[in-house]
Each structure stands twice: as C-alpha cells, then as structure tokens.
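Residue-level structure breakdown
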Amino acid sequence: MNDRVSVEIKDGVADVRLVRADKMNALDNAMFAALVETGERLKTEQGVRCVVLSGEGRAFCAGLDMGNFAQMASGDGRRSSEALVTTRRTPGGANHAQQACMVWREIPVPVIGAIHGVAFGGGFQLALGCDIRLVTADVKLAVLEIKWGLVPDMAGIVLMRGLVRDDVARELTFTGRIFGGEEAVAMGLATRVCADPRAEALAMAAEIAAKNPDAIRAGKRLLNMAAESDQPAILLAESREQGALIGSPNQIEAVMSNLQKRAANYAD
C-alpha cells in the first residue's frame, strides 16, 4: 500500500495521499486495492475525526492507468468487462473499483478532498467520493470516460446525482469536456476554489477535529441518508440522532467548554 497511498494520522486528522506521483497518481489495480484498503482501515481507526485526501506531484489523479486501457483492447478486455458485473459486491452494491470511491462516503467522519492539477475520469469520480472538495482555479476536471468509448463506472452517476442538475450530468458524461475550478464550483461539483487546497483542507480538518466527534459522525450519517430516504425517515433520524446527543458526555463538554471559554476535551 505504501507505494500507492500513504497515511499519516496526527491530532485526529488522517492525511491520506496518493503517492504514485511519477504516473500522476493514475489508477492501476494496485492503486484500487490501496484506496479500498485505506478507506476500510479508516472506518474503524481509533482517534480519527477527519480525513484529508490529496495527491502528490502534479495531479490529484489522472484517471485510469494507460496499461488498463491497453488491456481493454486486448483479448483480456472481454473477461475484464464480465468481471465488472459478476464480481462480489459490497453491501452497498459496489464492485471493487466503485468501492475505491464509495468507501470515502462510508467512512463515519468527514473526508475533505484537496484537488489540484488534473482529476480525470476515475480520478474525478474519486474526488466526488469526498464530502467536501477544495480545488485550485486552474484544476482540470472531466468525466472523461466517453473519450475511451466508456461510461463513468466508479460510482460517478450515483455521486453526481446529488450535486448537479440532471442535464449538467448528462452534458458532462456525453461530451467528456474539460472544465476548471470556478466552473466546478458554479455547477456544484466543487466546494470552493483555493490557492492551496491541501493547506486549506488540513486547516479545515483540524477545525472539524476540534468539534464534538459524536455530533460530526451523526451529521455525516444524516447527510448520507438525505439523498436516498424520504422526508419522514429523515425527520425521524434527525430526532433520534439529536436525542442520543443531548446530555451525552461529549455534548456536555461542548456546552461547558463554550461557557468556560476554553478548548474542549472530547473523548473518542
């Protein structure tokens, strides 16, 4: 895993970096495995309150490795395509490649993506798996699969549907056009433009890590269900989450630390 993804945990923040910089962090089988393994680990990692996902070198992630495209054009391509459908899936319905993006939504704490350089195809879908996306103004983004005669298949359709209008998702999918940071924010695909996304992501993560971790996790659970559940179910879930929080040790600590004007000391 260390030659594809690195993880450093400090003060409640997991700093996750794609480290295949010589290939612009392109997605090969080893990278898929490392992303899934890292995400699954962070689901239960003690003391993690926020995650930052970024890429080393010139790009966040250039998309699928060219070697994988070559394999598609060979006799192995048909066998690989059959495996996409028949492979074992997660309880959420994802195959291995889709889980490389979906796992970040399943991590119980917020995941902040710091996106620079390029995020094409699978790299763009990986960025969509983050809860928050900070981008540079000159970043290059694209749902690029149509260039290779394909469709987005790493959970891109699921992840885009809650972010952009239907016609916008269709235009990007059908054309594969490249767009920048400001347009991404305007469309709803990025949170905001930053000069240094990773620095701002780490600062935001530190701020989140200083909040009641029980409330942060409850908020992510509610937001994850918002796109799929009906109004009565969401309203009931809000009440249940709030009922569990009120009077709990960490919620009392939040109140007391504010009243006493001191830093909070939360338990994980």
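Shown above is the structure to which this text applies.
Since we're looking at a predicted model, the values are computed, not measured. (Residues numbered from 1 in each chain as written. Predicted model: local features only at pLDDT ≥ 70, side-chain atom pairs only at ≥ 80, totals over all residues. Heavy atoms only, no water.)

**Thoughts on the nonpolar core**
Counted only if it meets this: Here, nonpolar core refers to any group of buried Ala, Val, Leu, Ile, Met, Phe, Trp, Tyr and Cys residues whose side-chain atoms link them within 4.5 Å. Think of it in three bands: with a 1.4 Å probe and only protein chains considered, a residue is buried below 20% of the maximum accessible area for its type, exposed above 50%, and partly exposed in between. Only runs of H or I of at least four residues qualify as helices and only runs of E of at least two qualify as strands under DSSP, and these elements are numbered from the N terminus. In what follows, residue pairs with any heavy atoms lying within 4.5 Å of each other are defined as contacts.
Leu 35, Val 51, Leu 53, Trp 104 and Leu 189 are the most contacted members of the largest nonpolar core, which has 48 residues in total. The biggest single contributor to this core is helix α1 (residues 29-44), with 6 residues. Not counting residues within four places of it along the chain, the set of residues in contact with Leu 53 comprises Val 16, Leu 18, Phe 60, Trp 104, Val 111, Ile 112, Gly 113, Ala 114, Leu 126 and Cys 130. In this structure, Ala 114, Ile 132, Ala 205 and Ile 208 belong to the second largest nonpolar core, which totals 13 residues.

**What to know about helix α12 (residues 249-259)**
Put simply, the test is: The reported arc concerns the directions from the helix axis to the C-beta atoms and nothing else.
Residues of α12 that are buried include every one of Asn 250, Glu 253, Ala 254 and Ser 257, and no others. Along the axis of α12, the buried positions cluster into a sector of 105°, meaning they face one direction only. Buried residues in α12 make contact with α10 (213-226). Lys 261, located one to two residues past α12, shows a positive phi value of around 55°.

**A word on the packing of α10 against helix α11 (residues 231-245)**
A pair of packed helices is captured by two measures, namely the crossing angle of their axes and the spacing between those axes. Rules: Throughout, an axis means a line fitted to C-alpha atoms (over the contacting stretch in the case of helices), and angles, computed between N-to-C directions, take values from 0 to 180 degrees. An angle below 35 degrees is treated as roughly parallel, one above 145 as roughly antiparallel, one from 65 to 115 as roughly perpendicular, and anything else as oblique. Only Asp, Glu, Lys and Arg are considered charged, only Ala, Val, Leu, Ile, Met, Phe, Trp, Tyr, Cys and Pro nonpolar, and every remaining residue, Gly among them, polar.
The geometry of α10 relative to α11 is characterised by a closest axis approach of 10 Å and an angle of 175° between their N-to-C directions. With respect to α11, the element α10 is oriented roughly antiparallel. Side by side, α10 and α11 meet where Asp 214, Ala 215, Ala 218, Arg 221, Leu 222, Met 225 and Ala 226 of the first sit next to Ala 233, Ile 234, Ala 237, Glu 238, Glu 241 and Leu 245 of the second. A breakdown of the residues in the contact of α10 with α11 according to their chemical character gives 9 nonpolar, no polar and 4 charged.

**Details of the packing of α1 against helix α4 (residues 96-106)**
The condition is simple: By definition, any crossing whose near helix is turned counterclockwise from its far helix by less than a right angle is left-handed, and any crossing with a clockwise turn is right-handed.
Close contact between α1 and α4 brings their axes to 9 Å; oriented N to C, the two are set at 30°. When the axes of α1 and α4 are compared, the pair comes out roughly parallel. Judged by the twist between their axes, the crossing of α1 over α4 is left-handed. Residues Phe 32, Ala 33, Leu 35, Val 36, Thr 38, Gly 39, Glu 40, Leu 42 and Lys 43 of α1 form the contact with α4, whose participating residues are His 96, Ala 97, Gln 99, Ala 100, Val 103, Trp 104 and Glu 106. Here the contact of α1 with α4 is built from residues that sort into 9 nonpolar, 4 polar and 3 charged.

**Concerning the pattern of salt bridges**
Just so we agree on the cut-off: A pairing counts as a salt bridge when a side-chain nitrogen of Lys or Arg comes within 4 Å of a carboxyl oxygen of Asp or Glu.
The final tally for this structure, using the stated rule, is 20 salt bridges. Residue Glu 200 pairs with Arg 192 through a salt bridge whose shortest N-O separation is 3.1 Å. The partly exposed category is assigned to Glu 200, whose relative accessible area is 31%. Glu 253 is the salt-bridge partner of Arg 262, the closest N and O atoms lying 2.7 Å from each other. What makes Arg 262 partly exposed here is its relative accessible area of 35%. Accessibility expressed as a relative area gives 15% for Glu 253, which makes it buried.

**Observations concerning unusual backbone geometry**
Although it is not a glycine, Asp 11 adopts a positive phi angle of roughly 50°. Positionally, Asp 11 belongs in the loop between β1 (5-10) and β2 (13-18). Residue classification places Asp 11 among the exposed residues on the basis of a relative accessible area of 68%. Phi is positive for Ala 155, which is not a glycine, with a value near 75°. Exposure remark for Ala 155: the relative accessible area of 10% places this residue in the buried category.

**Structural notes on the pairing of strand β6 (residues 132-135)**
We count it as follows: Here the rule is simple: two strands pair whenever DSSP picks up at least two bridges between them.
Residues of β6 alternate between two faces, with Ile 132 and Leu 134 on one and Arg 133 and Val 135 on the opposite face, all of them buried. Note that β6 and strand β8 (residues 192-193) share 2 bridges and pair parallel. Paired with Leu 134 across the two strands is Arg 192, which belongs to β8.

**Comments concerning the sheet that holds β8**
Across the sheet, which stays open at both edges, the 6 strands sit in the order β1-β2-β3-β4-β6-β8 with mixed pairing between neighbours. Of all strands in the sheet, those bounded by a partner on one side alone are β1 and β8. Bridge count between strand β4 (residues 111-115) and β6: 4 bridges; the pairing is parallel. The residue bridging Gly 113 from the neighbouring strand is Arg 133, located in β6. Contacts from α1 reach β1, β2 and β3 (50-55) within the one sheet, and its direction differs from that of β1 by about 20°.

**Points about a nonpolar patch on the surface**
Worth spelling out the cut-off: A residue counts toward a patch only above 30% relative accessible area and without a salt bridge, and it is joined to like-charged neighbours within 9 Å or, for Val, Leu, Ile, Met, Phe, Trp and Tyr, to nonpolar neighbours within 5 Å. Method for areas: the Shrake-Rupley scheme with a 1.4 Å probe, in which residue coverage is limited to the protein chains shown.
Among the surface-exposed residues, Ile 252, Val 255, Met 256 and Leu 259 lie close enough to one another that they form a single nonpolar patch of about 350 Å² accessible area. Considering the arrangement of structural elements, one finds Leu 259 in helix α12. The exposure class of Leu 259 is exposed, given its relative accessible area of 63%.

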